[in-house]
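# Observations on the model geometry
Below, each chain spelled out in residue letters.
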Amino acid sequence: MSDRSRLPVVLVGLALVGVSLFDRSTGQEPKVALQPPSEVTIERDVVYGTGAGEELKLNVSRPAKSDGRLPCVIAIHGGAWRAGNKSDLNKLTGELAERGFVAVTVGYRFCPKHRFPAKVEDVKCAVRFLRANAEKYGLDPQRI
């Protein structure tokens, strides 16, 4: 098994044990923004849809230069579906972009305000958005 084929398994483990940079007391992102390496492009707060009248946003990290369409990894932050922030995983998605992936971290609606299956619908909406915009983001819609 190559290192690249094992990467999704490793990512799940990293996401589960990652440290949140989100300040739960204020509900804000940290004041010190992590800067991506120069060879990685990060687009923040891309609106991928709406749910119950709220804009749904994602962050996209990708290599600044690539030859063709790249596989895409979607990272979903933790927080028991009630807290957290998509930006918690920007460092991880930046590292994935350094390794030749398009990596996306998705914001979703929280419970209890938005009940199940709102979160699932939000992530499915993000996947549809990415497939529809595959050329723009340089990703392979068959390898998300």
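Just so it is clear, the structure is predicted and the values come from calculations on it, not from any experiment.

### Quick notes on the sheet that holds strand 2 (residues 54-63)
If you walk across this open sheet you meet the 4 strands as 1-2-4-3, and the pairing is mixed. Single-partner strands in this sheet number two, and they are strand 1 (40-51) and strand 3 (72-76). Averaged over all pairs of adjacent strands, the angle between strand axes in this sheet comes to 25°, irrespective of strand direction. Here strand 3 pairs with strand 4 (residues 102-106) via 5 bridges, running parallel. Bridge pairing in strand 4 places I74 opposite V104. Each of strand 1, strand 2, strand 3 and strand 4 is contacted by helix 2 (residues 90-98), which is oriented at about 40° to strand 2, the strand it contacts most. The strands touched by helix 3 (residues 118-132) within the sheet are strand 1, strand 2, strand 3 and strand 4, with strand 1 carrying the most contacts at an inclination of about 120°.

### Quick notes on the confidence of the model for the chain
Averaged over every residue, the pLDDT of the chain is 82; residues scoring 70 or more account for 74%. Counted against residues more than four places away or in other chains, residues 5-34, with its pLDDT under 50, gives 26 contacts.

### Re the pattern of salt bridges
On inspection of all chains with the given rule, the structure shows 9 salt bridges. E43 is the salt-bridge partner of R62, the closest N and O atoms lying 2.8 Å from each other. Placement of the pair is R62 in strand 2 and E43 in strand 1, with a sequence separation of 19 residues. Judged by relative accessible area, R62 falls into the buried class, the value being 18%. With a closest N to O distance of 2.7 Å, R109 and D122 form a salt bridge. With R109 in the loop between strand 4 and helix 3 and D122 in helix 3, this pair connects stretches of sequence that are 13 residues apart. The burial state of R109 is the same as that of D122; both residues are buried. Connected via shared salt-bridge partners are R109, E121 and D122.

Thresholds applied
Residues numbered from 1 in each chain as written. Predicted model: local features only at pLDDT ≥ 70, side-chain atom pairs only at ≥ 80, totals over all residues. Heavy atoms only, no water. Pairing = 2+ DSSP bridges. Helix = DSSP H or I, 4+ residues; strand = E, 2+ residues; numbered from the N terminus. Axes fitted to C-alpha atoms, helices over the stretch in contact; angles between N-to-C directions. Contact = heavy atoms within 4.5 Å. pLDDT = per-residue confidence, 0-100. Salt bridge = Lys/Arg side-chain N within 4 Å of Asp/Glu carboxyl O. Buried < 20%, exposed > 50% of the residue type's maximum accessible area, 1.4 Å probe, protein only.

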